[in-house]
Amino acid sequence: MKVAKATEDDQNAIYKILGALESISNGEMPGIEDDIEDDEGIGRYRLHEALDAGENEYVPDEINYFIRRAIKHLLNVYSSAHPMRAAVNLSALLDNQNEIVDPDNSTLEIHPKIEQGLADTERLNWLLSNGMSKLSKDVMFGSNADSSNYRAKIDVLMDAESKAMKDSANE
């Protein structure tokens, strides 16, 4: 899936929206510093009581004003960037069909196919930089009768060269 890449502003807008929602859910006005005495908050209980009020129930003007200002703040943050683009980026990153993130891991880890591709690239770079010896050619092009495990063979060659370089450096 190809999607537009989120900008830093898009990502920051998501953090600001989530932070504002946290403040609002506690009955505090978002964007107001904690050290300001008049924090313009109404408290969690009063906010939720007003939000639960029926259509004909009275809600104090102070609370209605708080709710309007909170919604305006959220809309201003939302319109300052494209936070949806950042959310879509996250969805694309986590989509199992895209094979970017390991679906079997509970943390964000690179998909095993990407890991394998990086390792294979390292092996190919080693083969190309060390010339194409007969064994390297056999491993790469399969002229060896048992070339099914070329990755392991290249790893053995790479390890042998690394050990030889260490040994010669120690002499």
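Refer to the structure presented above.
How each quantity is defined
Residues numbered from 1 in each chain as written. Predicted model: local features only at pLDDT ≥ 70, side-chain atom pairs only at ≥ 80, totals over all residues. Heavy atoms only, no water. Helix = DSSP H or I, 4+ residues; strand = E, 2+ residues; numbered from the N terminus. Buried < 20%, exposed > 50% of the residue type's maximum accessible area, 1.4 Å probe, protein only. Contact = heavy atoms within 4.5 Å. Areas by Shrake-Rupley, 256 points an atom, 1.4 Å probe, with all protein chains shown as cover. Expected span 1.5 Å × (residues − 1). Arc of directions from axis to C-beta. Patch = residues over 30% accessible without salt bridge, like charges linked within 9 Å, V, L, I, M, F, W, Y side chains within 5 Å. Salt bridge = Lys/Arg side-chain N within 4 Å of Asp/Glu carboxyl O.

Some details on the overall build of the chain
Along the chain, the regular secondary structure elements total seven helices and zero strands. Helices and strands appear in the chain in the N-to-C order α-α-α-α-α-α-α. By residue count, 22% of the 171 residues in the chain fall in the buried class. Within the chain, contacts between residues at least 6 apart in sequence are counted, and of these 47% link residues at least 24 apart. Per element, the accessible surface of the chain, about 12600 Å² overall, is 53% carbon and sulfur.

Quick word on helix α3 (residues 61-79)
Each full turn of the α-helix corresponds to 3.6 residues, which orients residues three or four apart in the same direction. The end-to-end C-alpha distance of α3 is 27 Å, a good match for the 27 Å that 19 residues give at a rise of 1.5 Å each. Those residues of α3 that sit buried are I63, F66, I67, A70, L74 and V77. Taken end-on, α3 shows its buried residues confined to a sector of 95 degrees, consistent with a single buried face. Exposed and facing more than 90 degrees away from the buried side of α3 are D61, R68, K72, L75 and S79. If you follow the buried residues of α3, they end up packed against α1 (8-25) and α2 (44-51).

Quick word on a nonpolar patch on the surface
A surface patch of nonpolar side chains, amounting to about 680 Å² of accessible area, comprises L90, L93, L94, I100, L108, I110, I114 and L118. The set of elements that each furnish at least two residues to the nonpolar patch consists of α4 (83-94) and α5 (112-129). It is α4 that provides the largest number of residues to the nonpolar patch, a total of three residues. Inspection of the secondary structure assignment puts I114 in helix α5. A residue is classified by how much of its surface remains accessible, and I114, at 32% relative accessible area, is partly exposed.

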